[in-house]
Amino acid sequence: MKYLFVALCCMVVLLLIWINRVRKSEAELKKPILHLLWLAVFMVVIKGIFLICENRITATLAIGCYYSGIDWLLIVLLSYEEAYTQIFRGNKVFKRVTYGLAALDSLSMFLNVFFGHIFVVVQHVYSDGYDEWSIIRSTVPFTLHLVFTYVLVILCVSLLVEKTVRTPATYRRKYLVVLILLLITVVVNGICMLAKSPYDISVFFYCALGIQMSYYSLFYNPKGLIDSTMALVVADISDAVFCFDIRGKCVYTNKMVGEYFGSDTNFDVVNLMFEDRIKEYSKSEQESAQYKVQREMDGKLRFFDVSYHKLSDKKHRYIGCFFTLRDRTEEIEKFKEEHYRLSHDKLTGLFNREYFFEAVEKVLAANPDVEYTMVCSNIKGFKLYNDLFGEKKGDEVLKMEAELLMQNAGDNTVYGRISGDEFAILVPTKLFTPDIFIHNINLLKERFNSSQYQMHIYIGIYEIHDKTEPVSVMCDKAKLAIESHRGDYNAVVTSYDKKLLAKSLYERKIVGEFDRALERDEFCMFLQPQIASDGRVLGAEALVRWQHPERGLVFPGDFIGVFEKTGLIYRLDRYMWEQAAKKLREWKDTGKEDMHISVNISAKDFYHMDIYRELTGLVEKYDIAPENLKLEITETALMTEMKNQADLLGRLREFGFRIEIDDFGSGYSSLNMLKNIDVDIVKIDMGFLDKTERLERGESILNSIILLIKNLGMGVITEGVETREQVDSLLGMGCNMFQGYYFAKPMTIEMFEEKYK
Ligand code: C2E
Ligand code: CA
Ligand code: CA
């Protein structure tokens, strides 16, 4: 009995420790478990009291409490099982009935102290003086108590049995173990009861049951659950998984392996695939590794990312490994497509501008010893071609050009379309043969030339000296070379030299200075006298000079062309016309109305302003005679759109202006023009006559032209007259107006006025 008591004390300590652990748990079942465990503590304590108490009433009370404790223990067990098994939930009537019956049984047990109607406790004294309590049960009420408790037991057992049967195999153990212990407890309790032994040890089983149940419901994770979860995850992931044992033999592959490599993939093939890697990695310290492989499968190259993982036991001994394979083919193809889209021109398939620059940089950096040439091509007036024949046809030209250029392709040659009709090629200087380009351009011309459109493609070349220079600058230089042969239709290929860059920089600079110059009156009018055959000064031609703050006096040859190219010329001309009109007004006011001023009209002026309105406006503004403001228009300016020009000239003449054809004889078809356009004076430039060769022939042509002009009723003025002989011979031919250095060079207004007024 002493040992039993000690065992009970140990049980209490054990239970309290366990309760402490359970209280820390966060699980949902914590509450009923704690009820169960505290009841078990209560039962053990009561049992202990019963064992050691001397007083019969106390012993009777203790054993009564113990019996009703069993009722409550079973009720708590049942409600715990409800939660644990998730069966039989929320049956309130049943709950109320069982609680009521348990309460009645407990009350009856308590009253037993007074009435002894269930059992009586008697003291049994042994011969050695050792005594203990024994219980004498009266049959009927005790049987009722037993029936109630066994109904509860049966319910508890059946709930567990049902759950055990129904639950998936993985979870079965959780319920089966509890069920077995419960059954053992019942059996032990029954045996103790039947044996009427005072050493009823079933209380230990109750406690063990409580502890075990709480363990399974709070802390236990079925191992199979985790294993099968893992197995399922591995089986289902989108990577192919291969497991190898310690000998390097494949022992597992998931279903993705079948999808990647075909369902008939056998382990031998797999072993071969990884053999070398396994050998390498298993010897190294490496826990994991990543690498990439490409494999041709069904005639298509596929890309895989592979990762290797070492498997070790707890003592870090190698036990095997696994590989995962991810198919990256689609991703890589998409990336390649995207990269292609971003780096290539859609129409021609050549690199686009940005990527061409990048590729050139790379090639130059990778071949520091190779000399390279940058070649750029440009189609003259390609916009016109598009307008005439439509964009589709234009695209065809570009496509064919790209194809032809590519025929030159060699190692380390980079091709790009850098803008609309501009192509650029980086080619090793040794491989560059302009003839091939010229030949290809001729092919292109043959194909696309028509009566409406003459194709001109120009090639600019820049031999790269400084490889660190930005590629865009290299292209600019090659393009600059193209600019230099503008107008010369026969020069197809032109090289860049330093002068070109200087020229381009100069042009850019003066364009930038234009506004300021105009605003600050840096442009000034010089006058060159025009003389009659009798030596009388008839007037002057207004010629512009730029009084530049840094460069001094700049001549028109240095800027007129640039301003014509950049569309600024009309503003300069308008300014010059106004200066001339102002001067004429001044002369008029001082009573010198007999002199004219001829002003120049550039071919580009017609595009940018309403010449008629400007000029008539000036005449009205300054109230001058229109015949004193003579207009010089070059032959070439009149050639373009002759019909419109003829109308305009007609209106100007009607208004009273005198019109001169400037530089007559320098253009293409002077004679034809004379037929169509009415002008007052034709100005022939002596400078156009070849001075050294075939002088006679030139003179006889000049003679005939002057005759023709006079016969058509127009006046003739010769400019560029430098010698007495020229004057004499021109006089002989019937020319009666002259302009040239022989008489005077262009001069400032002040000088002119001083000299001739
Ligand atoms: P242009 O209209 O043919 O002007 C005649 C040019 O020949 C002037 O050159 C003049 O200085 C030069 N010259 C005159 N006599 C002789 C001579 O005996 N021998 C030689 N060798 N040259 C002579 P400049 O002033 O340098 O002008 C050059 C060109 O610039 C002009 O040719 C004209 O086309 C253009 N230009 C000048 N001023 C203007 C202007 O205000 N507006 C426009 N649009 N163009 C202008
Ligand atoms: Ca002129
Ligand atoms: Ca002229």
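Everything that follows concerns the structure shown earlier in this document.
Rules and cut-offs
- Residues numbered from 1 in each chain as written.
- Chains lettered and ligands numbered in written order.
- Predicted model: local features only at pLDDT ≥ 70, side-chain atom pairs only at ≥ 80, totals over all residues.
- Heavy atoms only, no water.
- Helix = DSSP H or I, 4+ residues; strand = E, 2+ residues; numbered from the N terminus.
- Rg over C-alpha atoms; globule rule 2.2 N^0.38 Å.
- Buried < 20%, exposed > 50% of the residue type's maximum accessible area, 1.4 Å probe, protein only.
- Contact = heavy atoms within 4.5 Å.
- Areas by Shrake-Rupley, 256 points an atom, 1.4 Å probe, with all protein chains shown as cover.
- Pairing = 2+ DSSP bridges.
- Axes fitted to C-alpha atoms, helices over the stretch in contact; angles between N-to-C directions.
- Near = heavy atom within 4 Å.
- 1 Å grid on protein atoms, 1.4 Å probe; cavity = no way out; pocket = protein on both sides within 12 Å on 5 of 7 lines; lining within 4 Å.
- Sits in = over half its atoms within 2 Å of the grid points.
- Nonpolar A, V, L, I, M, F, W, Y, C, P; charged D, E, K, R; others polar.
- Points joined across faces, edges and corners; volume = space filled by probe spheres on them.
- Donors = N, O, S within 2.8 Å, 3.2 Å for Na, K, Ca; no water.
- Expected span 1.5 Å × (residues − 1).
- Arc of directions from axis to C-beta.
- Parallel < 35°, antiparallel > 145°, perpendicular 65-115°, else oblique.
- Salt bridge = Lys/Arg side-chain N within 4 Å of Asp/Glu carboxyl O.
- Patch = residues over 30% accessible without salt bridge, like charges linked within 9 Å, V, L, I, M, F, W, Y side chains within 5 Å.
- Core = buried A, V, L, I, M, F, W, Y, C linked by side-chain atoms within 4.5 Å.

Peer 1: Looking at this structure, how should I read the overall build of the chain?
Peer 2: A tally of helices and strands in the chain yields 27 helices and 22 strands. Computed over C-alpha atoms, the radius of gyration of the chain comes to 58 Å, more than 25% over the 27 Å expected from 2.2 N^0.38 for 757 residues, which places it beyond the range of a compact globule. Across the 757 residues in the chain, those meeting the buried criterion constitute 45%. Long-range contacts, defined here as pairs at least 24 residues apart, represent 63% of the contacts in the chain between residues at least 6 apart. Counting every atom, the chain has about 40,500 Å² of accessible surface; 56% of that belongs to carbon and sulfur.

Peer 1: I keep staring at the sheet that holds strand β10 (residues 422–428) and nothing clicks. Help me out?
Peer 2: In any sheet, the strands associate via hydrogen bonds between backbone groups, in a parallel or an antiparallel arrangement. Ordered in space as β9-β10-β8-β11-β12, the five strands form an open sheet in which the pairing is mixed. The strands lining the two open edges of the sheet, one partner per strand, are β9 (414–419) and β12 (493–495). Going across the sheet, the axis of each strand differs from the next one's by a mean of 25 degrees, ignoring polarity. Taken together, the seven bridges between strand β8 (residues 372–379) and β10 define a ladder with antiparallel strand orientation. Counted as the bridge partner of Y372 is P428 from β10.

Peer 1: I keep staring at the site of ligand 1 and nothing clicks. Help me out?
Peer 2: By nearness alone, 20 residues border ligand 1, and Q528, R545, D573, E722 and Y741 come closest of all. When ligand 1 is considered free in solution it has 790 Å² of accessible area, and contact with the protein chains removes 79% of it. When each cavity is represented as a set of grid points, ligand 1 is found to reside in the largest pocket. Residue assignment for the shell around ligand 1 shows that the elements contributing at least two residues are β14 (537–548), α19 (569–589) and β18 (659–664). Top contributing element to the shell around ligand 1 by residue count: β14, with four residues. Within the shell around ligand 1, the residues separate by chemical class into eight nonpolar, five polar and seven charged.

Peer 1: Explain the layout of surface pockets here, please?
Peer 2: Remark: the empty space left among the atoms is shown by a probe the size of a water molecule rolled over them. Reported here for the largest pocket is a volume of approximately 1,200 Å³. In terms of lining, the largest pocket is formed by 39 residues, of which the most central are I560, N600, T634, D662 and D663. Taken together, the elements giving at least two residues each to the lining of the largest pocket come down to β14, α18 (560–565), α19, β16 (596–601), α22 (635–639) and β18.

Peer 1: Looking at this structure, how should I read the coordination of the calcium ion (ligand 3)?
Peer 2: Reference values for coordination geometry: four tetrahedral donors around a metal ideally subtend 109.5 degrees, six octahedral donors ideally subtend 90 or 180 degrees. D662 (OD), D663 (OD) and E719 (OE) make up the full set of protein donors to the calcium ion (ligand 3), lying at 2.0 to 2.4 Å. Taken as a pair, the calcium ion (ligand 3) and the calcium ion (ligand 2) show a spacing of 3.8 Å, with D662 coordinating each metal. The exposure class assigned to D662 is buried, which follows from its relative accessible area of 5%.

Peer 1: Please clarify how helix α15 (residues 434–448) should be interpreted in this entry.
Peer 2: Helical periodicity: at 3.6 residues per turn, an α-helix aligns residues three or four positions apart in one direction. Taking 1.5 Å as the rise per residue, α15 with 15 residues should run 21 Å; its terminal C-alpha atoms sit 21 Å apart, in good agreement. Listing the buried residues of α15 in full gives F437, N440, I441, L444, K445 and F448. Down the axis of α15, the buried set is contained in an arc of 145 degrees. They therefore lie on one face. In α15, the exposed positions that point more than 90 degrees away from the buried face belong to D435 and E446. Summarising the contacts, the buried residues of α15 are in contact with β8, α13 (382–389), α14 (391–406), β10 and β11 (457–463).

Peer 1: Help me out: how do you make sense of the packing of α13 against α14 in this one?
Peer 2: Each pair of packed helices gets described by two things: the angle between the helix axes and the distance between those axes. Closest axis-to-axis distance for the α13/α14 pair is 7 Å, and the angle between their directions is 135 degrees. Here α14 runs oblique to α13, going by the angle between their axes. Of α14, the residues touching α13 (which contributes F382, Y385, N386 and F389) are E391, K393, G394, V397 and L398. Class assignment of the residues belonging to the contact of α13 with α14 gives a composition of five nonpolar, two polar and two charged.

Peer 1: I keep staring at the pattern of salt bridges and nothing clicks. Help me out?
Peer 2: A side chain with one charge may pair with a side chain of the opposite charge, provided their charged atoms come close. Applying the stated criterion across every chain yields a total of 35 salt bridges. The closest approach of N and O atoms between R328 and D305, which form a salt bridge, is 2.5 Å. Residue R328 is located in the loop between β7 (318–327) and α11 (329–343), and its partner D305 is located in strand β6 (residues 300–312); the two are separated by 23 residues in the primary sequence. Between E338 and R341 there is a salt bridge; the shortest N-O distance is 3.1 Å. Highlighted residues: E338 and R341, both in helix α11, separated by three residues, approximately one helical turn. Classification of E338 as partly exposed rests on a relative accessible area of 38%. The structure contains a network of salt bridges with shared partners spanning K292, D305, R328 and E331.

Peer 1: Just checking my understanding: could you explain empty space enclosed by the protein for this structure?
Peer 2: Considering all chains together, one arrives at six cavities of 30 Å³ or more under this definition. Lining of the largest cavity is provided by 21 residues; of these, I70, L74, V153, N189 and Y206 occupy positions nearest its centre. When contributions to the lining of the largest cavity are tallied by element, the ones reaching two or more residues are α2 (30–52), α3 (56–85), α5 (139–166), α6 (169–195) and α7 (202–219). By residue class, the composition of the lining of the largest cavity is 16 nonpolar, five polar and no charged.

Peer 1: What am I meant to see in a nonpolar patch on the surface here?
Peer 2: On the surface, V93, V97, L101, L104 and L107 cluster together into a nonpolar patch covering about 460 Å² of accessible area. By secondary structure assignment, the location of L104 is in helix α4 (residues 92–115).

Peer 1: It is not clear to me how the coordination of the calcium ion (ligand 2) should be interpreted in this structure. Could you clarify?
Peer 2: Every protein donor of the calcium ion (ligand 2) is accounted for by E541 (OE), N600 (OD1), E632 (OE) and D662 (OD), and the metal-donor separations fall at 2.1 to 2.3 Å. All donors of the calcium ion (ligand 2) belong to a single chain; written as a sequence motif, their spacing is E-x58-N-x31-E-x29-D.

Peer 1: So what exactly am I meant to see when it comes to the nonpolar core here?
Peer 2: Note on soluble globular proteins: their nonpolar side chains tend to be buried together. Membership of the largest hydrophobic core comes to 75 residues, with the highest contact counts inside it found for F523 and F563. Here this core takes 10 residues from α19, the largest share from any one element. For F523, the contacting residues outside a window of four places in its chain are F514, A517, L518, V544, R545, W546, F559, F563, L572 and Y575. In terms of nonpolar packing, the next biggest core, distinct from the first, is built from 68 residues, L4, A59, L77 and A102 among them.

Peer 1: Can you walk me through the environment of M737 in this structure?
Peer 2: Here M737 lies in strand β21 (residues 737–739). Put simply, M737 and S533 are 204 residues apart on the chain and 5.9 Å apart in space, counted from C-alpha to C-alpha.

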